[in-house]
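Working through the structure, step by step
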Amino acid sequence: MVNILVPTDFSQLSKSALKYAIKIANRLGGNVTVLHVMTTTRVFRVSSMLEKIRSFDFDPAESAEKELEVMIKTLSEQYKSSKPIRYEVVKGAYFPSTLLREARKLRSGLVVMGTRGATGLTKAVLGSNTNSVIEVSHIPVLAVPEKADFKGFRNVVYACDLQNLREELEMLIRYIEKFGSTIHLIHIVPPGAPVDVVEEKIQQVINEFSYKNIITLVLVDSNVSTALDNYVEVSKADVLAMFTHEISFFEKVFDRSMTRKMAFHSKVPLLAFRQTRSDRGL
């Protein structure tokens, strides 16, 4: 039974991610655990503020736990959670490592986080906790846009670079087969590439799998992200699945991971994997 971990900072964005996670858990009969991480890296020594805190005997962790309890009660009733939602407040020096430490303890199979589109300078300044987690997480991360609403994963667009197709496809199928999803396996090549050779290579791998709901398509385009955006829209995708690697085709094309780049502006949820054998399917 899957345990879905949802970090929250009490923002509307994180509440939207929690709503999405509850609906997934209801469909799979899984559990949801909500985590609030109190980072301890920066301590601002403002004497007047410290005196005020001491005078009121203020406990930030206790306050966060109470706020978390109220939020959980409201959302679980609103979205009819089929199982009680667990919650926890933890402290850590760095958000991603603290989150993943707790994910290991809970044996979580999926991390669900909110993401908001950003461009240019905003993107550089934002830093995005979601993107930071995608970069290091051993557990698949589902980055959910604020207005996304879970209605199942009927169409899953899987953007691949063919470097580890067999292993990636095996991992992806474990996560989405319970939804009866159709996988749209998309590979993008630059103009002039031998499309027929690429298609044959993909089909040889596809034939090894018993999962038959797979559509393959090789697109010719010099702009990878634009081509993906267009296909996601045309196919009415419910989720975009991508894998991060230490060195990949996408890394060579862009100055940042293509997967993390897509997390910023994808209009549908992004299911991001790292290529490891330890990941556990839903």
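Look a little higher up for the structure.
The structure displayed is predicted, hence computed values, not measured ones.

Some details on helix α1 (residues 12–28)
The terminal C-alpha atoms of α1 lie 25 Å apart, and with 17 residues this matches the ideal 24 Å at 1.5 Å per residue to within 8%. Those residues of α1 that fall on the buried side of the exposure criterion are L13, S14, S16, A17, L18, K19, Y20, A21, I22, I24 and A25. One or two steps after α1, the chain reaches G29, where phi turns positive at roughly 70 degrees.

Focus: the packing of aromatic side chains
Scanning the model with the defined rule gives 7 aromatic pairs in all. Geometrically, the ring pair formed by Y20 and F150 is edge-to-face, given 5.4 Å between the ring centres and 75 degrees between the ring planes. Here Y20, found in helix α1, pairs with F150, found in the loop between β5 (141–145) and β6 (155–159); they are 130 residues apart in sequence, far enough to count as distant. F150 gets classed as buried once you look at its relative accessible area, which sits at 7%.

So, the side chain of S137
On the secondary structure map, S137 appears in the loop between α6 (129–136) and β5. Among the polar contacts made by the side chain of S137, one reaches the main-chain carbonyl oxygen of I139 at a distance of 2.5 Å. For S137, the contacting residues outside a window of four places in its chain are L100 and R274.

Points about the nonpolar core
Grouped together as the largest cluster of nonpolar side chains are 54 residues, with contacts concentrated most on L18, V112, L142, F153, Y158, L172 and I183. L18 has contacts with V6, V32, V34, M71, I72 and L75, leaving out every residue within four places of it along the chain. Counting residues in hydrophobic clusters, the runner-up holds 30 residues, among them A103, I134, L228 and L270.

Notes on unusual backbone geometry
The backbone of R107 shows a phi angle near 55 degrees, a positive value even though the residue is not glycine. R107 gets classed as exposed once you look at its relative accessible area, which sits at 56%. With phi around 70 degrees, L162 is a residue other than glycine that occupies positive phi space. Tracing the backbone shows L162 in the loop between β6 and α7 (165–176). With a relative accessible area of 12%, L162 lands in the buried category.

Brief notes about the sheet that holds β6
Strands sit in the order β3-β2-β1-β4-β5-β10-β9-β6-β7-β8 across an open sheet of 10 strands; the sheet is mixed. On the outer flanks of this sheet lie β3 (86–92) and β8 (214–220), each paired with one strand and no other. Mean inter-strand twist for the sheet, computed between neighbouring axes without regard to direction, equals 25 degrees. Both strand β1 (residues 3–7) and strand β2 (residues 31–39) contribute to a ladder of 5 bridges, which runs parallel. Counterpart to N3 in the pairing with β2 is N31. Packing against the sheet, helix α8 (residues 195–206) makes contact with β7 (182–189) and β8, and its axis sits at approximately 160 degrees to β8. Against the sheet, helix α9 (residues 224–234) engages β6, β7, β8 and β9 (239–244), with an angle of about 155 degrees to β7.

Thoughts on the pairing of β7
Consecutive side chains along a regular strand alternate between the two faces of the sheet. Of all 8 residues in β7, 7 are buried; the element is thus mostly enclosed. As a crossover connection, the stretch from β6 through α7 into β7 is right-handed. For β7 and β8, the ladder comprises 7 bridges, and the chain directions are parallel. By the bridge assignment, I188 is partnered in β8 with L219. Tracing the backbone out of β7, into α8 and back to the parallel element β8 gives a crossover that is right-handed.

Calculation notes
- Residues numbered from 1 in each chain as written.
- Predicted model: local features only at pLDDT ≥ 70, side-chain atom pairs only at ≥ 80, totals over all residues.
- Heavy atoms only, no water.
- Helix = DSSP H or I, 4+ residues; strand = E, 2+ residues; numbered from the N terminus.
- Expected span 1.5 Å × (residues − 1).
- Buried < 20%, exposed > 50% of the residue type's maximum accessible area, 1.4 Å probe, protein only.
- Phe/Tyr/Trp six-rings, centres within 6.5 Å; stacked < 30°, edge-to-face > 60°.
- Polar contact = N/O pair within 3.5 Å; in protein donor to acceptor, adjacent residues only side chain to side chain.
- Contact = heavy atoms within 4.5 Å.
- Core = buried A, V, L, I, M, F, W, Y, C linked by side-chain atoms within 4.5 Å.
- Pairing = 2+ DSSP bridges.
- Axes fitted to C-alpha atoms, helices over the stretch in contact; angles between N-to-C directions.
- Right-handed = clockwise from strand over helix to strand, strands pointing away.

Everything listed here is a matter of geometry and, on its own, says nothing about what the molecule does.
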